[in-house]
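Listed here are the chains, written in short residue letters.
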Amino acid sequence: MPTLQIALDLMQLNRSIVIAHEAVDGGADWIEAGTPLIKSEGAEAVRALRREFPGKKIIADTKTMDVGAFEVEIMAKAGADIVTVLGLAEDSTIEEAVMAGRKYGAEIMVDMINVEDRVTRAKEVEKLGVSYICLHMGIDTQMKGAEPPIDILRKIVDAVSIPVAVAGGITAENAGQYVEAGASDVIVGGAIIKTEDIKGAAENVKRAMAGARINTDLARKYSEEDLFEAFSRVSTCNISDAFHKQGVMFGIVPQSIQHRQRMVGRALTVQTSNGDWAKPVEAIDRASEGDVLVVDVGGAPVAVWGELATCSAIGKGVRGIVIDGAIRDIDDIRELKFPAFSRTVAPCAGEPKGYGGIGIEITVGGQRVRTGDWIVGDESGIIVIPKEMAVEVANRALDVHERENRTREEIMRGSTLAKVNELAKWEPVK
């Protein structure tokens, strides 16, 4: 039976130890001090895990690129059974790591992240004396919706005689595919460590490795075709955190959004002038189902949208309206449960003169918006995501959401937000 390796990719050692115990209770076989944990806590992370789990194999995921012997010595003396070295490293670095491992009692795993020809490199490093190959799809690559490298895994397994580990984007839903393709060690991070029920998540992965079919959205990575679903699972706050505060439309507030309602769709842009509601209404006829109308009125005070336009938009399958200007008939629009965001509300409307345009680049709430960009709105506000970045932003926002779920669980167990994140420890040094 292949082993399940839990990757503790966290900043805080105390949190990592609690999570590791729960994962082991769920069937995790090997315990990895993840790269972020080693960078945060140093060799002490490995020492602590060795003390806590004397009967388990401990992996130090140093991702060594240079001075292989020295870094292996440090980690082996701290208690690591396996130390990782990058496949991109020089042969001499890997050879030094192997010799130091023999001297200090540690095996070497070569991580193939970003190696161009992974099959050829796997055969090369096997000749250098390493004990394991790790086919690794990095997190940043996963966020862009890359497909799991199952075919490459099969080729590497056929090409080498040493065990092959696999890491990156593995969940209870796809773990069995990697085992079927020949993986000897299945390395799982987020799909376990971000959950409220660590033990249950580990059990599900083990069941999947044994052949069970498990359906889960946990740690799933989305592609272009699934963006409606992906953005519907996260809040504007999650997106803002993942997108480094970019895309937020300041001054544009929810006027009719229902509690827990989310507006998600592609932008159809409209530009018009104060009170001129012709182009916003004409845009309804040009909209596709799932579009959100985004209207630039330059913040003008006379309304360009109301209840009748809303009824028309609902009939066309429009998901919502965003106006850098005024809207009216808010009571009726709320009853219709149609998401509407605007800068202001006013009872007065103008005349349909037809100035402006549809489908052109506009600026709303200080943000550039183009037709086809993604618009997400909820009770906290409104945010625009450029269409070229939508897949990556959606996956990163889901990662933020899932990590918050784990933090909430720890708070509910009696901790506090400051303690979970060790804020005092990680405040900037003055």
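Please refer to the structure placed before this passage.
As a starting point, this report considers the structure included with it. For clarity, every value in this text was computed on a predicted model and none was experimentally measured. (Residues numbered from 1 in each chain as written. Predicted model: local features only at pLDDT ≥ 70, side-chain atom pairs only at ≥ 80, totals over all residues. Heavy atoms only, no water.)

Let's talk about the packing of helix H4 (residues 68-78) against helix H5 (residues 91-104)
Contact geometry of H4 with H5 gives a least axis separation of 7 Å together with a crossing angle of 30 degrees. Taken as axis vectors, H4 and H5 run roughly parallel relative to one another. At the point where H4 passes H5, the crossing takes the right-handed sense. For the pair H4 and H5, the contacting residues are Gly68, Ala69, Val72, Glu73, Ala76 and Lys77 in the first and Thr93, Glu96, Ala97, Ala100, Gly101 and Tyr104 in the second. (Axes fitted to C-alpha atoms, helices over the stretch in contact; angles between N-to-C directions. Helix = DSSP H or I, 4+ residues; strand = E, 2+ residues; numbered from the N terminus. Parallel < 35°, antiparallel > 145°, perpendicular 65-115°, else oblique. Left-handed = near helix turned anticlockwise from the far one by under 90°. Contact = heavy atoms within 4.5 Å.)

Description of the side chain of Thr84
Within the secondary structure layout, Thr84 lies in strand S4 (residues 82-86). For Thr84, a relative accessible area of 4% gives the class buried. A distance of 2.9 Å separates a polar side-chain atom of Thr84 from the backbone nitrogen of Lys63. (Buried < 20%, exposed > 50% of the residue type's maximum accessible area, 1.4 Å probe, protein only. Polar contact = N/O pair within 3.5 Å; in protein donor to acceptor, adjacent residues only side chain to side chain.)

Concerning the environment of Arg207
Among the structural elements, Arg207 can be located in helix H11 (residues 198-209). Judged by its relative accessible area of 45%, Arg207 is partly exposed. Between the C-alpha atom of Arg207 and that of Gly27, which follows or precedes it by 180 residues, the distance is 9.6 Å. Discounting residues that sit within four places of it in the chain, Arg207 has contacts with Ala212 and Ile214.

A short note on unusual backbone geometry
In this structure, Val67 takes a positive phi of about 40 degrees despite not being glycine. Secondary-structure assignment places Val67 in the loop between strand S3 (57-64) and H4. We classify Val67 as partly exposed; its relative accessible area is 45%. Despite not being glycine, Arg260 has its phi angle at roughly 70 degrees, a positive value. With respect to the element layout, Arg260 can be found in the loop between strand S9 (253-254) and strand S10 (263-271).

Some points on the sheet that holds S3
With parallel pairing, the 8 strands of this closed barrel are ordered in space as S1-S2-S3-S4-S5-S6-S7-S8. Going across the sheet, the axis of each strand differs from the next one's by a mean of 25 degrees, ignoring polarity. Inspection of the sheet shows S3 paired to S4 by 3 bridges, in the parallel sense. Bridge assignment links Thr64 to a residue of S4, and that residue is Val85. (Pairing = 2+ DSSP bridges.)

What to know about helix H3 (residues 43-52)
Residues lying three or four places apart along an α-helix face the same way, a consequence of the helix completing one turn every 3.6 residues. For H3, the full list of buried residues reads Ala43, Ala45, Val46, Ala48 and Leu49. Where H3 is buried, its residues meet strand S1 (3-8), helix H1 (13-25), strand S2 (30-33), helix H2 (35-41), S3 and H4.

A few points about the packing of aromatic side chains
One pass over the full model with this rule turns up 3 aromatic pairs. Note on Trp30 and Tyr132: the rings are 5.8 Å apart at their centroids and 80 degrees apart in plane angle, and the pair reads as edge-to-face. Here the residue Trp30 occupies a position in strand S2, and Tyr132 occupies one in strand S6 (residues 132-136), the gap between them amounting to 102 residues. The same class applies to Trp30 as to Tyr132, namely buried. When the ring of Phe231 is compared with that of Trp374, the centres are 5.6 Å apart and the planes differ by 40 degrees; the resulting orientation is tilted. (Phe/Tyr/Trp six-rings, centres within 6.5 Å; stacked < 30°, edge-to-face > 60°.)

Observations regarding a nonpolar patch on the surface
Together, Val67, Phe70 and Ile74 make up an exposed nonpolar region whose accessible area comes to about 270 Å². Looking at Ile74, the relative accessible area reads 35%, which means it is partly exposed. (Patch = residues over 30% accessible without salt bridge, like charges linked within 9 Å, V, L, I, M, F, W, Y side chains within 5 Å. Areas by Shrake-Rupley, 256 points an atom, 1.4 Å probe, with all protein chains shown as cover. Salt bridge = Lys/Arg side-chain N within 4 Å of Asp/Glu carboxyl O.)

A closer look at the side chain of Thr3
Of note, Thr3 is situated in strand S1. For Thr3, a relative accessible area of 17% translates into the label buried.

Notes on the pattern of salt bridges
In the structure shown here, the tally under the stated rule is 28 salt bridges. For Asp329, the salt bridge identified is with Arg328, shortest N-O distance 3.8 Å. You can call Arg328 partly exposed: its relative accessible area is 29%. Between Glu388 and Arg370 there is a salt bridge whose closest N-O contact spans 2.8 Å. Remark: Arg370 occurs in the loop between strand S16 (367-369) and strand S17 (374-378) and Glu388 occurs in the loop between strand S18 (381-385) and helix H17 (390-412); sequence separation between them is 18 residues.

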